[in-house]
Amino acid sequence: MVTEPPFRADHVGSLLRPQEIKEARAKREQGEISTADLKAIEDKAVSRAVAKEAALGLRVVTDGEYRRSFWSRDFFRHLDNVETFSTPNVKRFQGSQPKTLAHRPTAKLGSFSGHPMIDHFRYLNRWRRPARCPR
């Protein structure tokens, strides 16, 4: 039995967000801190997560989705010609109800003027290691 990497494991990328990110997001929504301040807090948290993943021997690391509320929500709302709107009467889960949002195209899709997730990838890619071939 293999107990040290590389062993077969799947990681979808989501990690529990640290309290400092939750607090910083709330402050950003209230206008108490700038977008740059929020990014600096996220950068530190991502760096800590990646360091821990690397120390565990993971060859593929994640930013923990620390910069996103929901991957799909944040992806779609930053595309050109896509409108995000509230769907207040939709219940997604039992118990606590996160904000329900949906997306719809407002014009032909196809143009792309940039997306914040590209910068998220570039930041995370700083830790890229050359791939090793399995023996």
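Being a predicted model, the structure only gives us computed values, none of them experimental.

Chemist: How would you summarise the pattern of salt bridges if you had to cite specific residues and measurements?
Modeler: Scanning all chains against the criterion turns up nine salt bridges. Note that Asp 63 and Arg 68 form a salt bridge whose closest N and O atoms lie 2.9 Å from each other. Each of the two residues, Asp 63 as well as Arg 68, counts as buried. With a closest N to O distance of 2.6 Å, Glu 83 and Arg 104 form a salt bridge. Remark: Arg 104 occurs in strand 2 (residues 101-105) and Glu 83 occurs in strand 1 (residues 82-86); sequence separation between them is 21 residues. A network of salt bridges, in which partner residues are shared, links Arg 25, Lys 39, Glu 42, Asp 43 and Arg 67.

Chemist: Please set out the nonpolar core residue by residue, giving values where relevant.
Modeler: Counting eight residues, the largest nonpolar core consists of Ile 21, Ala 45, Val 46, Ala 49, Val 50, Tyr 66, Tyr 123 and Leu 124. Broken down by element, this core gets its largest block of residues, four residues, from helix 2 (residues 35-55). If sequence neighbours within four positions are ignored, Tyr 66 has contacts with Leu 15, Leu 16, Arg 17, Pro 18, Ile 21, Arg 25, Glu 42, Ala 45, Val 46 and Ala 49.

Chemist: Account for the environment of Thr 62, naming residues and giving values.
Modeler: Turning to its location among the elements, Thr 62 is positioned in the loop between helix 2 and helix 3 (71-77). Along the chain, Thr 62 and Leu 124 lie 62 residues apart, while their C-alpha atoms are 7.4 Å from each other. Among the polar contacts made by the side chain of Thr 62, one reaches the main-chain amide nitrogen of Gly 64 at a distance of 3.0 Å.

Chemist: Account for the packing of helix 1 (residues 19-29) against helix 2, with residues named and values stated.
Modeler: One way to put it is that helix 1 packs onto helix 2 with a least axis distance of 10 Å and a crossing angle of 170°. In terms of axis orientation, helix 1 runs roughly antiparallel to helix 2. In the crossing of helix 1 with helix 2, the sense of the turn from one axis to the other is left-handed. Of the residues in helix 2, those touching helix 1 at Glu 20, Ile 21, Ala 24, Arg 25 and Arg 28 are Thr 35, Leu 38, Ile 41, Glu 42, Ala 45 and Arg 48. Taken together, the residues of the contact of helix 1 with helix 2 sort by class into five nonpolar, one polar and five charged.

The rules behind each value
Residues numbered from 1 in each chain as written. Predicted model: local features only at pLDDT ≥ 70, side-chain atom pairs only at ≥ 80, totals over all residues. Heavy atoms only, no water. Salt bridge = Lys/Arg side-chain N within 4 Å of Asp/Glu carboxyl O. Buried < 20%, exposed > 50% of the residue type's maximum accessible area, 1.4 Å probe, protein only. Helix = DSSP H or I, 4+ residues; strand = E, 2+ residues; numbered from the N terminus. Core = buried A, V, L, I, M, F, W, Y, C linked by side-chain atoms within 4.5 Å. Contact = heavy atoms within 4.5 Å. Polar contact = N/O pair within 3.5 Å; in protein donor to acceptor, adjacent residues only side chain to side chain. Axes fitted to C-alpha atoms, helices over the stretch in contact; angles between N-to-C directions. Parallel < 35°, antiparallel > 145°, perpendicular 65-115°, else oblique. Left-handed = near helix turned anticlockwise from the far one by under 90°. Nonpolar A, V, L, I, M, F, W, Y, C, P; charged D, E, K, R; others polar.

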